Amino acid sequence: MKDEGSGNQLGSYLRARRGLVSPAQAGLPPGGNRRVPGLRREEVALLAGISPDYYLRLERGRDKNPSPQVLESLARVLQLDDVERTYLLGLAAARPRAPRRKRPEHVPARVHELLAHLQIPAFVEGRAFDVLASNPMAVALSPRLRPGQNRLRSLLLDPEERAFHQDWTKATADFVAALRTTIGDDTDNVRFVELVGELALSSQRFRTLWARHDVRTLDGGTTTVHHPVVGELRLHRDKLPVDDVILVVYYPDKDSDSDEKLRLLASLAHTEPARTAQDRTAHSRRPKTP
């Protein structure tokens, strides 16, 4: 997170976002011989009603205290949605602070009990999409949902995960944007630095998406996945905060085709351990070869 660590998150975000707005989208003539894909600095300043020199100071981090009115004007010019606008305002409001004490993410005992009782895929994730706990149905849905896995790393680097998602392109964009939203101004968090550094080195897709500075929330929704055994599943997703972690559950519409397939997956998940135990018992009873 080089830009973030330099203390000029606001400037980095403004540069990235103006590069994504075309002159036509902003109501300007395209013109000729443009050296940047999006808006020029002077154009942003003009449309926002501020001087080009002041806007330049904002991008270069020389002025870190713009007024809310200036930020609202920039949000309008850059065509930010509510989540992006809130993120922009948060960047400007950030102030130098002492390093935060790292508190280990902890799954409460009651959540482990809840996972054991749920008959739908459910797991607990941390702020960086680390899987902290999961139930057998979650692992039956995807082996990448075992504790110790990282959902974003799996999504970007595991070929099976790419085949699993019906719309992998959208899924990766959503996850990376959600990670940036979660990080916010917590750029000295060791886990975030480690994960971003690893993915920046190993995934071109991540580098492309990270450079866009997209921000998004990834809460409830509906997704379609392709399970290698039961086929296509259409599942709803809910994310429920519990203390400092998130409980994630996936469930189908009742009596739907996906509901029937999920019940089949549940029966397979329960019989497979029994078969494995039987195989071990049978093997132990075989006479040993002298």
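Structure: see above.
First, a word on what this report is: a plain description of the structure on this page. Counting starts from 1 at the beginning of each chain's written sequence and moves along it residue by residue. At least 70 in pLDDT is required for a residue's local features to be given in this predicted model, at least 80 for side-chain atom pairs to be given and counted, and no such filter applies to totals for whole chains, interfaces and linings, which use all residues. Side-chain metrics in this entry use all non-hydrogen atoms of the structure; hydrogen atoms and water are not considered.

Our focus in this paragraph is the environment of Q25. Within the secondary structure, Q25 sits in the loop between α2 (9-18) and α3 (41-48). Q25 sits in the partly exposed class, given a relative accessible area of 47%. Each C-alpha atom of the pair Q25 and V77 lies 9.6 Å from the other, and the pair is 52 residues apart in sequence. Numbering of helices and strands runs from the N terminus; a helix is a DSSP stretch of H or I covering at least four residues, while a strand is a stretch of E covering at least two. A 1.4 Å probe rolled over the protein chains alone gives each residue an accessible area, and that area as a share of the maximum for its type sets the label: buried under 20%, exposed over 50%, partly exposed in between.

Further remarks concern the nonpolar core. Nine residue types can take part in a nonpolar core, namely buried Ala, Val, Leu, Ile, Met, Phe, Trp, Tyr and Cys, and a core is a set of them joined through side-chain atoms within 4.5 Å. Within the largest apolar cluster, 24 residues are counted, with the highest numbers of intra-cluster contacts made by L14, I50, L74 and L88. Mapped onto this core, the elements with two or more residues apiece are α2, α3, α4 (52-59), α5 (68-77) and α6 (82-93). Ranked by residues supplied to this core, first place goes to α5 with five residues. The contact rule is simple, with two residues in contact once any of their heavy atoms fall within 4.5 Å. Among residues more than four places away in sequence, those in contact with I50 are A45, Y55, V70 and L74.

Before going further, it helps to spend a moment on the sheet that holds strand β3 (residues 221-227). Here, strands pair whenever DSSP counts at least two bridges between them. Read across the sheet, five strands follow the order β2-β1-β5-β4-β3 without closing on themselves; strand pairing throughout is antiparallel. Of all the strands in the sheet, the pair left with one neighbour each is β2 (131-134) and β3. Direction aside, neighbouring strands of the sheet carry axes that sit 30 degrees apart on average. The strands that helix α7 (residues 109-117) touches are β1 (122-125), β2, β4 (231-242) and β5 (245-251); relative to β1, the one it contacts most, it runs at about 155 degrees. Angular values range over 0 to 180 degrees, each being the angle between N-to-C directions of two axes fitted as lines to C-alpha atoms, with helices fitted over their stretch in contact.

Bridging between β1 and β2 involves three bridges; their strand directions are antiparallel. Each bridged residue has a counterpart across the sheet, and for V124 the counterpart in β2 is A133. Between the end of β1 and the start of β2, which pair antiparallel, lie five residues, with F129 showing a positive phi angle near 70 degrees.

Think of it this way: side chains of opposite charge can pair up when their charged atoms draw near. Should a side-chain nitrogen of Lys or Arg be within 4 Å of a carboxyl oxygen of Asp or Glu, the pair is scored as a salt bridge. Under the counting rule described, the total for this entry stands at 22 salt bridges. Where E59 meets R41, a salt bridge forms, and the shortest distance between an N and an O atom there is 2.9 Å. Placement of the pair is E59 in helix α4 and R41 in helix α3, with a sequence separation of 18 residues. Among the salt bridges present, the one from D214 reaches R212, with a minimum N-O distance of 2.8 Å. Overall, D214 belongs to the buried group, its relative accessible area being 8%. Judged by relative accessible area, which is 34%, R212 ranks as partly exposed. Each of R17, E84, K170, D174, R212, D214 and R216 takes part in salt bridges that share partners, so that together they form one network.

Here we come to empty space enclosed by the protein. As defined here, a cavity is a set of points on a 1 Å grid over the protein atoms alone where a 1.4 Å probe fits but cannot get out. A pocket is an open set with protein on both sides within 12 Å along at least five of seven lines, and residues line them when an atom is within 4 Å of a point. Grid points are joined across faces, edges and corners, and a volume is the space filled by probe spheres set on the points. A full pass over the atoms with the stated rule returns one cavity of 30 Å³ or more. One number sums up the size of the largest cavity: a volume of about 170 Å³. With three residues, the top contributor of residues to the lining of the largest cavity is helix α9 (residues 151-157). In this classification, the charged set is Asp, Glu, Lys and Arg, the nonpolar set is Ala, Val, Leu, Ile, Met, Phe, Trp, Tyr, Cys and Pro, and all remaining amino acids, among them Gly, are polar. Residues of the lining of the largest cavity, tallied by class, amount to eight nonpolar, four polar and three charged.

Let us now look at the packing of aromatic side chains. When the centres of two rings from Phe, Tyr and Trp lie within 6.5 Å, Trp using its six-membered ring, the rings pair. Their planes under 30 degrees apart give stacked, over 60 give edge-to-face, and anything left gives tilted. Scanning all chains against the criterion turns up four aromatic pairs. Consider the rings of F129 and F175, whose centres lie 5.0 Å apart with planes at 45 degrees: the pair is tilted. Placement of F129 in the loop between β1 and β2 and of F175 in helix α11 (residues 168-183) is noted, with a sequence separation of 46 residues between them. No difference in accessibility class separates F129 from F175, as the two residues are buried. Taking the ring centre of F164 as reference, the NZ or CZ of R144 above it sits at 5.5 Å. When the ring centre of W168 is taken as origin, the NZ or CZ atom of R162, which lies over that ring, is 3.9 Å away. Each ring is checked for a lysine NZ or an arginine CZ that lies within 6 Å of its centre and within 35 degrees of its normal; such an atom marks a charge sitting over the ring.

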